[in-house]
Amino acid sequence: MIDMRRHILPTLLIAVCILALAPVPDMGQAQPRSNPPARHLYKVINRAGKTGFVDQTGQLVIGFDRFPADVSIGDFHEGLAVICFLDPRHNSCRMIGHIDEKGDIAIAARPYHGALYFREGLAYVGNDEMRGFIDRDGKLVISLASDQRIWFGFYEGRCVVVTPQGQGFIDR
């Protein structure tokens, strides 16, 4: 008798591959977008440890010589990336700002110790004195209490906030 368990996994894998390669049926004419999609840039690091960014074709868009050695740069989200000006004495950020897809400073660096990337138009920033969310102009639009912490930033208009009393949500 054939052991069916040995044959199920390979059969499922083949079926998934076939479905993944199958053409998508025409769902009608595509509607024009009101805003063109943002170009996505990918972080690359050369042998000297310098950061640059390439587009989806592999073309270098932001060169390796663009940034000083004492910075750390995050990935692009919503057209902006976090740039951390390092404090080598404390192995942390002394100042944090955001750059645009040309490598220019879009939001001036401020004395934040931590920041998250933009989600739904807002980015978390914080230091010992304050924490909250900034908009694309760098203006603090949501201030959090000193005992509040967040999880991941905004998603579908809400952000999880953790307090000593428990967890809850805030909106924009």
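As the structure is a prediction and not an experimental result, all values here were calculated from the model.

Engineer: Please explain the overall build of the chain as it appears in this structure.
Structural biologist: In terms of regular secondary structure, the chain is built from one helix and 14 strands. The buried share of the chain, reckoned over its 172 residues, is 30%. Once local pairs closer than 6 in sequence are excluded, the contacts in the chain between residues at least 24 apart make up 23%. On the chain, roughly 12200 Å² of surface is accessible, and the fraction owed to carbon and sulfur atoms is 57%.

Engineer: Even after reading the chapter, I still don't get the side chain of Asn127, so can you show me in this structure?
Structural biologist: Take Asn127: it is sitting in the loop between β9 (123-126) and β10 (131-134). A distance of 3.0 Å separates a polar side-chain atom of Asn127 from the backbone oxygen of Pro111.

Engineer: Looking at this model, I keep getting lost on the pattern of salt bridges. Mind explaining?
Structural biologist: Note on pairing: side chains with opposite charge can pair once their charged atoms come close. Per the counting criterion, the structure on display carries three salt bridges. With a closest N to O distance of 3.4 Å, Asp87 and Arg89 form a salt bridge.

Engineer: Quick question: what am I supposed to make of the state of the cysteines here?
Structural biologist: By definition, a disulfide links the sulfur atoms of two cysteine residues through a covalent bond. Taken as a whole, this structure holds one disulfide when the rule is applied. Between the sulfur atoms of Cys84 and its disulfide partner Cys93 the distance amounts to 1.9 Å. The S-S bond linking Cys84 to Cys93 shows a torsion near -120°; that makes this disulfide left-handed. You can call Cys84 buried: its relative accessible area is 6%.

Engineer: Is there a simple way to think about the sheet that holds strand β1 (residues 42-45) in this case?
Structural biologist: Strand pairing in a sheet relies on backbone hydrogen bonds, with the paired strands running either antiparallel or parallel. Strand order across the open sheet formed by three strands is β1-β2-β3, with antiparallel pairing between neighbours. With partners counted over all chains shown, the strands left at the sheet margins are β1 and β3 (60-62), one partner each. Sheet twist, expressed as the mean angle between neighbouring strand axes with direction ignored, is 50°. Two elements, β1 and strand β2 (residues 51-54), share four bridges in a ladder whose sense is antiparallel. What sits directly across from Lys43, in β2, is Phe53.

Engineer: How do you make sense of the sheet that holds strand β4 (residues 71-73) when you look at a structure like this?
Structural biologist: Pairing is antiparallel across the open sheet formed by four strands, whose spatial order is β4-β5-β6-β7. Looking at the sheet topology across the chains shown, the edges are occupied by β4 and β7 (105-110). Strand-to-strand twist in this sheet, taken as the mean axis angle between neighbours without regard to direction, amounts to 25°. Where strand β5 (residues 81-87) lies against strand β6 (residues 92-99), seven bridges are found, and the strand directions are antiparallel. From the neighbouring strand, Leu86 faces β6, where its bridge partner is Cys93.

Conventions and cut-offs
Residues numbered from 1 in each chain as written. Predicted model: local features only at pLDDT ≥ 70, side-chain atom pairs only at ≥ 80, totals over all residues. Heavy atoms only, no water. Helix = DSSP H or I, 4+ residues; strand = E, 2+ residues; numbered from the N terminus. Buried < 20%, exposed > 50% of the residue type's maximum accessible area, 1.4 Å probe, protein only. Contact = heavy atoms within 4.5 Å. Areas by Shrake-Rupley, 256 points an atom, 1.4 Å probe, with all protein chains shown as cover. Polar contact = N/O pair within 3.5 Å; in protein donor to acceptor, adjacent residues only side chain to side chain. Salt bridge = Lys/Arg side-chain N within 4 Å of Asp/Glu carboxyl O. Disulfide = S-S within 2.5 Å. Pairing = 2+ DSSP bridges. Axes fitted to C-alpha atoms, helices over the stretch in contact; angles between N-to-C directions.

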